[in-house]
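# Inside the fold
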Amino acid sequence: MSTYLTILGFNSAIPTINSSPTAQLLEMEERSFLIDCGEGTQVQLRKAKAKFSRINHIFISHLHGDHCFGLPGLIASFRLLGRETPLHVYGLKGIKNMLETIFTITETHRGFEVVYHELDKDYSEKIYEDSRIEVYTIPLDHRIYCNGYLFKEKPKDRHLNMKEIAKYNEIETCDYHNIKAGKDFVLSDGYVLKNELLTLDPSPSVSYAFCSDTRYLESVIPIIKNVTVLYHESTFLHDLKEMADYTGHSTALEAATIAQKAQVGRLILGHFSNRYGDLTVFTDEARNIFPNTFLPKALEPVKIEKMYVEV
């Protein structure tokens, strides 16, 4: 099962004719996670042919409008589409009050439960876990409380070595689960078949880190160390570092420095100021520090895998 990232929007502040505010769809281990939800996100989801019913968890980095103003409309559309399953929303303390106030004033009725997970910690914490995936917060430094998110696949089961297994009639299909889980197999005569004989190495687990609006912040480095792919905001070029610091943002050079120090696999930049027409200036600056840097391509799925990432 492959992991895909679809960047729905990546510009800062306001929508334009050709670009949308921050929103991403991460499809990992048959789960669909929505990360941020700027204005127009549901339109972008339709363009991406995403299945709305598979989105059960939405992670909001902070409550600036270009990261969350699409959320009330999306939730209202879920109701119109007949949703009945619970929706989990993660975000800054206050997100529940914001949404519920909108729903109350507009008399938006829901046929499903919205489960709020309000965040206020200044350290990284695990906020989601199932049998295959873990999600952690990445505390950032913006003008208001802001988190990034780290998505990690758990270690995967080993692959069956069917050529070797076929040599032993005693091994039946019902035994495959235990063998894939790493257990040895004991023959009827007591001989132990070691697991490494019956299996092949598992596919490597992958990880994805989303660093939303933030000043340059080295405390994120141990949290995102060795991630497969890092998305890091780069609102300005480094000649405007003073403005970046003042507004709570990073430069392309700073994003690349974080990627280099964290030894990530690939870096994708985003959240560009609308003052820039040609976005290649961002990769030109960043690649001097971290060569494996790329621009986002809206609505084009990125396959995330070890050693190689299609961008």
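Our subject is the structure that appears above.
Presented here is a report on the structure given in the accompanying data block. (Residues numbered from 1 in each chain as written. Predicted model: local features only at pLDDT ≥ 70, side-chain atom pairs only at ≥ 80, totals over all residues. Heavy atoms only, no water.)

### Quick notes on the overall build of the protein chain
A count of helical and extended segments in the protein chain gives 11 helices and 18 strands. Seen through its C-alpha atoms, the protein chain measures out along the principal axes to roughly 75 × 50 × 35 Å. Here the protein chain holds 311 residues, and the buried ones make up 50% of them. Look at the contacts in the protein chain between residues 6 or more apart in sequence, and 65% of them connect residues 24 or more apart. (Helix = DSSP H or I, 4+ residues; strand = E, 2+ residues; numbered from the N terminus. Buried < 20%, exposed > 50% of the residue type's maximum accessible area, 1.4 Å probe, protein only. Contact = heavy atoms within 4.5 Å.)

### Topic: the environment of Ile 289
For Ile 289, the position within the fold is in the loop between helix H11 (280-286) and strand E17 (293-294). Given the relative accessible area of 28%, Ile 289 is considered partly exposed. As for Ile 289 and Ala 255, which are separated by 34 residues in sequence, their C-alpha atoms are 9.3 Å apart. When residues no more than four places from it in sequence are discounted, the contact partners of Ile 289 are Leu 253, Ala 256, Thr 257 and Gln 260.

### Some words on helix H10 (residues 252-262)
Count 3.6 residues to each turn of an α-helix, and residues three or four apart come out pointing the same way. Burial within H10 is extensive, with eight of its 11 residues counted as buried. Buried within H10 are the following residues: Ala 252, Glu 254, Ala 255, Ala 256, Thr 257, Ile 258, Ala 259 and Ala 262. Where the residues of H10 are buried, they touch helix H8 (221-224), strand E15 (229-233), helix H9 (241-247), strand E16 (266-270) and H11. One or two positions beyond H10, positive phi appears at Gln 263, with a value near 55°.

### Here's the deal with the packing of helix H3 (residues 71-80) against helix H4 (residues 95-105)
Helix-helix packing is described using two parameters, namely the angle between the two axes and the distance between the axes. In contact at an axis separation of 10 Å, H3 and H4 are set at 60° when each is read in the N-to-C sense. Considering their axes alone, H3 and H4 lie oblique with respect to each other. In the packing of H3 onto H4, the handedness of the crossing is right-handed. Along the contact surface, H3 presents Leu 71, Pro 72 and Ile 75, while H4 presents Ile 95, Leu 99, Ile 102 and Phe 103. Grouping the amino acids of the contact of H3 with H4 by side-chain chemistry returns seven nonpolar, no polar and no charged. (Axes fitted to C-alpha atoms, helices over the stretch in contact; angles between N-to-C directions. Parallel < 35°, antiparallel > 145°, perpendicular 65-115°, else oblique. Left-handed = near helix turned anticlockwise from the far one by under 90°. Nonpolar A, V, L, I, M, F, W, Y, C, P; charged D, E, K, R; others polar.)

### Quick look at the sheet that holds strand E8 (residues 133-139)
Pairing within the open sheet is mixed, and its seven strands lie in the order E7-E8-E9-E14-E15-E16-E17. A strand with exactly one partner marks an edge of an open sheet, and here the two such strands are strand E7 (126-129) and E17. Summarising the sheet, E8 and strand E9 (residues 147-153) pair through seven bridges and their orientation is antiparallel. Paired with Pro 139 across the strands is Asn 147, a residue of E9. (Pairing = 2+ DSSP bridges.)

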